[in-house]
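Here are the chains, one letter per residue:
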Amino acid sequence: MCILLIALGVIINFFDSSEESTSTINSVPVDEFSIEDFDTSDTLGWEVATTHHRVWKDADASKRRLQFSFTPAMSDEAFYHRDTMLIDEGENEKIFWRNFYFGLYDHNKESLNPLKDSIISMGVTDNISAPDLIYTAVSMIQDIPYNYILSTDSCFTHTDYPCVPLQRYGILSPVEFLYSLSGDCDTRTVTLFTLLKNLGFDPIIVNSYQYRHSMLAVDVPTGGDFIMHKGRKFYFWETTATGWMPGMLPPDMPNTNYWTIILDYEFEADPTRNY
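Quantities reported herein were computed from a predicted structural model and do not represent experimental measurements.

Calculation rules
- Residues numbered from 1 in each chain as written.
- Predicted model: local features only at pLDDT ≥ 70, side-chain atom pairs only at ≥ 80, totals over all residues.
- Heavy atoms only, no water.
- Phe/Tyr/Trp six-rings, centres within 6.5 Å; stacked < 30°, edge-to-face > 60°.
- Helix = DSSP H or I, 4+ residues; strand = E, 2+ residues; numbered from the N terminus.
- Buried < 20%, exposed > 50% of the residue type's maximum accessible area, 1.4 Å probe, protein only.
- Core = buried A, V, L, I, M, F, W, Y, C linked by side-chain atoms within 4.5 Å.
- Contact = heavy atoms within 4.5 Å.
- Pairing = 2+ DSSP bridges.
- Axes fitted to C-alpha atoms, helices over the stretch in contact; angles between N-to-C directions.
- Salt bridge = Lys/Arg side-chain N within 4 Å of Asp/Glu carboxyl O.
- Polar contact = N/O pair within 3.5 Å; in protein donor to acceptor, adjacent residues only side chain to side chain.

### Quick notes on the packing of aromatic side chains
Counted under the stated rule, the structure contains 20 aromatic pairs. Between the aromatic rings of phenylalanine 96 and phenylalanine 100, the centroid separation amounts to 6.3 Å while the plane-to-plane angle is 10°, which identifies the pairing as stacked. Of this pair, phenylalanine 96 and phenylalanine 100 are both found in helix H4 (residues 93-108), four residues apart, which corresponds to roughly one turn of the helix. Grouping residues by exposure puts phenylalanine 96 and phenylalanine 100 together as buried.

### Details of the nonpolar core
Grouped together as the largest cluster of nonpolar side chains are 31 residues, with contacts concentrated most on Leu115, Ile119, Ile134, Met140, Leu178, Leu195 and Leu196. Looking at which element gives the most residues to this core, the answer is helix H6 (residues 133-142), with seven residues. Those residues in contact with methionine 140, other than ones at most four positions away along the chain, are Trp56, Leu66, Phe68, Leu115, Ile119 and Leu195. Trp97, Tyr101, Tyr169 and Ile205 belong to the second-largest nonpolar core, a separate cluster that totals 17 residues.

### Focus on the environment of phenylalanine 100
Accessibility expressed as a relative area gives 0% for phenylalanine 100, which makes it buried. Here the alpha-carbon distance between phenylalanine 100 and methionine 85, two residues 15 residues apart in the chain, equals 8.1 Å.

### Points about the sheet that holds strand E7 (residues 213-218)
Strand order across the open sheet formed by five strands is E8-E9-E7-E6-E10, with antiparallel pairing between neighbours. This sheet does not close on itself; its edge strands, each paired only once, are strand E8 (226-229) and strand E10 (260-264). Pairs of neighbouring strands in the sheet enclose a mean axial angle of 35°, with direction left out of account. Note that strand E6 (residues 204-208) and E7 share five bridges and pair antiparallel. In the strand pairing of E7, serine 208 is matched with histidine 213. Running over the sheet, H4 touches E6, E7 and E10 and is turned about 30° from E10. Strand contacts of H6: E7 and strand E9 (232-237), with the helix running at about 30° to E9, the strand carrying the most contacts.

### Remarks on the pattern of salt bridges
As enumerated under the stated definition, the model contains 10 salt bridges in all. Residue arginine 54 is joined to aspartate 143 by a salt bridge in which the shortest nitrogen-to-oxygen separation is 3.0 Å. Of this pair, arginine 54 sits in strand E2 (residues 47-57) while aspartate 143 sits in the loop between H6 and strand E4 (148-149), and the two are 89 residues apart along the sequence. Like arginine 54, the residue aspartate 143 is buried in the burial classification. Arginine 82 serves as the salt-bridge partner of glutamate 176, at 2.7 Å between the closest nitrogen and oxygen. Separated by 94 residues along the polypeptide, glutamate 176 in helix H7 (residues 174-180) and arginine 82 in helix H3 (residues 72-84) bring together distant segments of the chain. Bridged by salt links that share partners, the residues Asp58, Asp60, Arg64 and Asp126 form one connected network.

### Some details on the side chain of arginine 54
Given the relative accessible area of 7%, arginine 54 is considered buried. Side chain to side chain, arginine 54 and aspartate 143 meet in a polar contact 3.0 Å long. Among all residues touching arginine 54, those that are not within four sequence positions of it are Asp37, Arg64, Arg65, Leu66, Phe68, Asp143, Ile144, Pro145 and Leu181.

Have a look at this one:
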């Protein structure tokens, strides 16, 4: 029984940010843009919404501006789904996280379509090619300052970054993240998985038990560190801070054998499950 409880605890808390490696995180807003980067309240339908006016540097150092809005009701609904989603905690670690991540993606994907449309429109205005929109989307999420998302109430032991305690499995859904702009590693990877899928890309989420970290992997023409999947090279992409490009593994997480594909772009919902 003790062994079973320990195993269950490992599965549930595997990517709780209290265990997540943060030694490579340098999440500092771009100072020259900060005066332009602000939030406002307005009406979206019949409800007051929070609109984020984001300004950041793209991968090619170009200045990008984008605004997107989410209502409190949208965030509350996404929280309720995450907090009540039925996931078999007795399944093995990979299946557990795959099903949980997929459930968040599947439930939130429609809500991210307006953001997808805004990115596509910005691409037309700024003359960004369709393949390069992947760099725009990832750099936008990288620019959002890092926050711990904990399943416990131990924020008092994590004082180097802001902290959100008592969140189921130590993760926020894509809508919650984009509403609050508070997110850790797998909060960001699931958000980008959702957004990139909506944009027509083939993202993969990879997790490492040894490094207590979650990362994106993408099939783009580049070099560096990668993981093979169905005959294609998918390059690791760190999302917790600015400056990281595909193919760059953090220096304290160098072993490619320590990474496992958790969710890929082809995974389909099991019709017998309620995600």
